[in-house]
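Next come the chains, spelled out residue by residue.
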Amino acid sequence: MTLITDVRLRRVLDSRGNPTVEADVLTESGGFGRAAAPSGASTGEYEAIELPPSEAIAAARRHAIPRLVDEVYAGNQREVDGALRAADGTDNFSEVGANSAVAISMAAAKAGADVLGAPLYQHLGGAFRGENFPTPLGNVVGGGEHAKEATHIQEFLSAPVGAPSVSEAVFANAAVHDRISEILDDRDIPAAKGDEGAWAPPISDAEAFEVVDEAVSDVEDDLGFEIGFGLDIAAAELYDEDEGGYVFGDEVKSTDEMVDYVAEMVAEYDLVYVEDPLDENDYEGFAELTERVGDQTLVCGDDLFVTNVERLQDGIDVGAANSILIKPNQIGTLSDAFDAVELAVRNNYDAVISHRSGETEDTTIAHLAVATDAAFIKTGAVQGERTAKLNELIRIADDAV
Ligand SMILES: O=C(O)[C@@H](CO)OP(=O)(O)O
Ligand SMILES: [Mg+2]
């Protein structure tokens, strides 16, 4: 075990060109770890608080760093994360900022791995991890809060569930992304890209279903293994209480209509995954949908659970879903993210480790997915800050990290 001897914080760019927090953690024996906080656009109401990076850095320097330097061992993740929580003193990291907290938490884990001479996934998950790999969910068409003048549904996600290896799965998602641009071209539809590199064409959700279905089938035929697709509806962003439901342009769907719509899409397109199909406060609606389609598809809570064990437990109690999205920056530390995965797994929920729409080159979530033996990882299909994680998964599988 080696003591943390220095924590350095700085502002760096994220993929949207916004500043974010990067942390370096150094140890007595020369260990080093570096990590950066991602940032959401369609953030959940109950997420831990992201402060403006300069404020988060100043607060962490004042409150957190003195509790870590010469006090805590880098390899003891619970102690690192406990010190961060104690330094903050709130439930939601509103003093220190979840962005500073998560950057330090992840950098300390990397320093701990460095000291051991082990890859991060092994330090976090143990000696027997590294055999199973998550299926990557690749965002190939999208809109919502991630792109203007595009689909109402935030993400259409390619899901190569039959891929024989993680590398083939990663290339399959890139091929679906590419095939979609050809199909759009054939239909004379111009398409910009959204924040995560997905195509953001000015088409209806109904047409997007058709296009993605065609692309997925074509690539499935080419590659010879099963590729399905799924959605992140990000329904909290569509929900408007004053309008009395979910706003899809000129049409407003009531909760019952929304449940029917999603259930119909699951049946029609054999969807393998549906994230945030209803508002983040609607446990009941989630439970009704899960009752209807939970044996056919994953119903995943992102804004609903915000990687928070209390919200997850509430969901488990009412049967709200069968899967949880895990985003370390939604809760602030790796220990909290692990606790959420463990509670999920104990209750037969699949964990899906996820990026944010604002990302950096940081690859921690690739290791987290392998360390937790997660069923899926959602980290885009193309674009540098997304491929950083996908390529790291390929390296982990190749024993080359
Ligand atoms: O809703 C989501 O799942 C994410 C990532 O795709 O988006 P954001 O980071 O904007 O919350
Ligand atoms: Mg989401």
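All of these numbers come straight from a predicted model, not from anything done at the bench.

Rules used throughout
Residues numbered from 1 in each chain as written. Chains lettered and ligands numbered in written order. Predicted model: local features only at pLDDT ≥ 70, side-chain atom pairs only at ≥ 80, totals over all residues. Heavy atoms only, no water. Pairing = 2+ DSSP bridges. Helix = DSSP H or I, 4+ residues; strand = E, 2+ residues; numbered from the N terminus. Expected span 1.5 Å × (residues − 1). Buried < 20%, exposed > 50% of the residue type's maximum accessible area, 1.4 Å probe, protein only. UniProt positions renumbered as here; feature names shortened; annotations may be inferred. 1 Å grid on protein atoms, 1.4 Å probe; cavity = no way out; pocket = protein on both sides within 12 Å on 5 of 7 lines; lining within 4 Å. Contact = heavy atoms within 4.5 Å. Polar contact = N/O pair within 3.5 Å; in protein donor to acceptor, adjacent residues only side chain to side chain. Near = heavy atom within 4 Å. Sits in = over half its atoms within 2 Å of the grid points. Nonpolar A, V, L, I, M, F, W, Y, C, P; charged D, E, K, R; others polar. Core = buried A, V, L, I, M, F, W, Y, C linked by side-chain atoms within 4.5 Å. Domains from an automatic or database assignment. Donors = N, O, S within 2.8 Å, 3.2 Å for Na, K, Ca; no water. Points joined across faces, edges and corners; volume = space filled by probe spheres on them. Axes fitted to C-alpha atoms, helices over the stretch in contact; angles between N-to-C directions. Parallel < 35°, antiparallel > 145°, perpendicular 65-115°, else oblique. Left-handed = near helix turned anticlockwise from the far one by under 90°. Salt bridge = Lys/Arg side-chain N within 4 Å of Asp/Glu carboxyl O. Buried area = accessible area lost by both parts, 1.4 Å probe.

Below, the discussion takes up the pairing of strand 3 (residues 32-36). Across five bridges, the pairing between strand 2 (residues 19-27) and strand 3 is antiparallel. Residue pairing across strands places Leu-26 opposite Phe-32, the latter belonging to strand 3. Where strand 2 folds back onto strand 3 in an antiparallel hairpin, the turn is made up of four residues, including Gly-30, whose phi is positive at roughly 95 degrees.

With 19 residues, helix 3 (residues 98-116) extends 27 Å between its outermost C-alpha atoms, agreeing within 8% with the 27 Å of an ideal straight helix rising 1.5 Å per residue. Counting buried residues along helix 3, 16 of its 19 residues qualify, which places the element largely inside the surrounding structure. Looking at the residues trailing helix 3, positive phi occurs at Gly-117, about 70 degrees.

Right, let's get into the UniProt feature "binding site: (2R)-2-phosphoglycerate" (unreviewed entry) in the chain. Annotation from UniProt places "binding site: (2R)-2-phosphoglycerate" (unreviewed entry) at Gln-154, Lys-327, Arg-356, Ser-357 and Lys-378. Considered against the largest cavity, the annotated residues that line it turn out to be Arg-356. Tracing the backbone shows Ser-357 in the loop between strand 15 (350-354) and helix 12 (364-371). Dropping the residues within four chain positions of it, Ser-357 is found in contact with Ser-15, Arg-16, Ser-39, Gly-40, Ala-41, His-146, Asp-195, Glu-196 and Arg-386. Of note is the side chain of Ser-357, whose polar atom sits 3.2 Å from the backbone nitrogen of Ala-41. Along the chain, the position of Lys-378 falls in strand 16 (residues 376-378). In this structure Lys-378 comes out as buried when scored by relative accessible area, which is 3%. Among all residues touching Lys-378, those that are not within four sequence positions of it are Leu-137, Glu-155, Leu-157, Asp-232, Glu-275, Leu-325, Val-352, Ile-353, Ser-354 and His-355.

Moving on to unusual backbone geometry. Its identity is not glycine, yet Phe-93 carries a phi of approximately 60 degrees, on the positive side. Among the secondary structure elements, Phe-93 is positioned in the loop between helix 2 (77-88) and helix 3. Take Phe-93: its relative accessible area is 0%, and that puts it in the buried class. Unusually for a residue other than glycine, Asp-188 sits at a positive phi of about 60 degrees. Considering the arrangement of structural elements, one finds Asp-188 in the loop between helix 5 (166-186) and strand 6 (192-193).

Once that is clear, we can look at the site of ligand 1. Taken together, 16 residues are adjacent to ligand 1, and Ala-41, Glu-155, Glu-196, Ser-357 and Lys-378 come closest. Glu-155 is positioned such that a nitrogen or oxygen atom in its side chain is 2.6 Å from an oxygen atom of ligand 1. With respect to ligand 1, the side chain of Glu-275 contributes an N or O atom lying 3.0 Å from an oxygen atom. Comparing atom positions with the cavity grids shows ligand 1 to sit within the second largest cavity. Partitioned by chemical class, the residues of the shell around ligand 1 number two nonpolar, six polar and eight charged.

Grouped together as the largest cluster of nonpolar side chains are 116 residues, with contacts concentrated most on Ile-180 and Phe-209. Looking at this core, you find at least three residues from each of domain 1 (4-117) and domain 2 (135-397). Here Ile-180 is in contact with Val-140, Val-141, Trp-199, Val-211, Val-212 and Ala-215, once residues within four sequence places are set aside. With ten residues, the next largest nonpolar core counts Ala-159, Val-272, Leu-325 and Val-352 among its residues.

Here the magnesium ion (ligand 2) is held by Asp-232 (OD), Glu-275 (OE) and Asp-302 (OD), and the distances to it run 2.0 to 2.2 Å. Judged by relative accessible area, Asp-232 falls into the buried class, the value being 2%. Exposure remark for Glu-275: the relative accessible area of 0% places this residue in the buried category.

Empty space within the largest pocket amounts to approximately 330 Å³. Contributing to the lining of the largest pocket are 15 residues, with Arg-85, Asp-91, Asn-308, Glu-310 and Ile-331 lying nearest its centre. Those elements that provide at least two residues to the lining of the largest pocket are helix 9 (309-318), helix 10 (328-331) and helix 11 (334-346). For the lining of the largest pocket, the element with the most residues is helix 9, which contributes three residues. By residue class, the composition of the lining of the largest pocket is four nonpolar, four polar and seven charged. Considering only enclosed or pocket space, the second largest pocket measures out at about 210 Å³ in volume.

We now examine the packing of helix 1 (residues 53-68) against helix 3. It is the contact of helix 1 with helix 3, at a shortest axis distance of 8 Å, that shows an interaxial angle of 50 degrees. Taken as axis vectors, helix 1 and helix 3 run oblique relative to one another. Two packed elements cross with a definite hand, and for helix 1 against helix 3 that hand is right-handed. Along its contact with helix 1, which presents Pro-53, Ala-56, Ile-57, Ala-60 and Leu-68, the element helix 3 presents Asn-99, Ser-100 and Ile-104. Considering only residue class, the contact of helix 1 with helix 3 consists of six nonpolar, two polar and no charged.

The final tally for this structure, using the stated rule, is 25 salt bridges. Bridged by salt links that share partners, the residues Arg-10, Glu-22, Asp-24 and Arg-34 form one connected network.

The next subject is the domain arrangement of the chain. How big an interface is tends to be stated in terms of the accessible area lost upon association of its parts. Looking at the assigned domains, one finds that the chain contains domain 1 (4-117) and domain 2 (135-397). Distance between the C-alpha centres of domain 1 and domain 2: 27 Å. Of the residues lining the interface, 33 residues belong to domain 1; the matching set on domain 2 comes to 30 residues. Taking both sides of the interface into account, the surface hidden between domain 1 and domain 2 amounts to around 2500 Å²; carbon and sulfur atoms contribute 47%. Viewed at the interface, domain 2 and domain 1 are joined by five salt bridges. The salt bridge involving Asp-362 is made with Lys-110; its shortest N-O contact spans 3.3 Å. On the surface where domain 1 and domain 2 come into contact, there are 21 residue pairs in polar contact (both at pLDDT 80 or more). Elements with a contribution of two residues or more to the side of domain 1 that touches domain 2: strand 3, helix 2 and helix 3. Among the elements that make up the side of domain 1 that touches domain 2, the one with the highest residue count is helix 3 (seven residues). In terms of residue class, the side of domain 1 that touches domain 2 is made up of 15 nonpolar, nine polar and nine charged.

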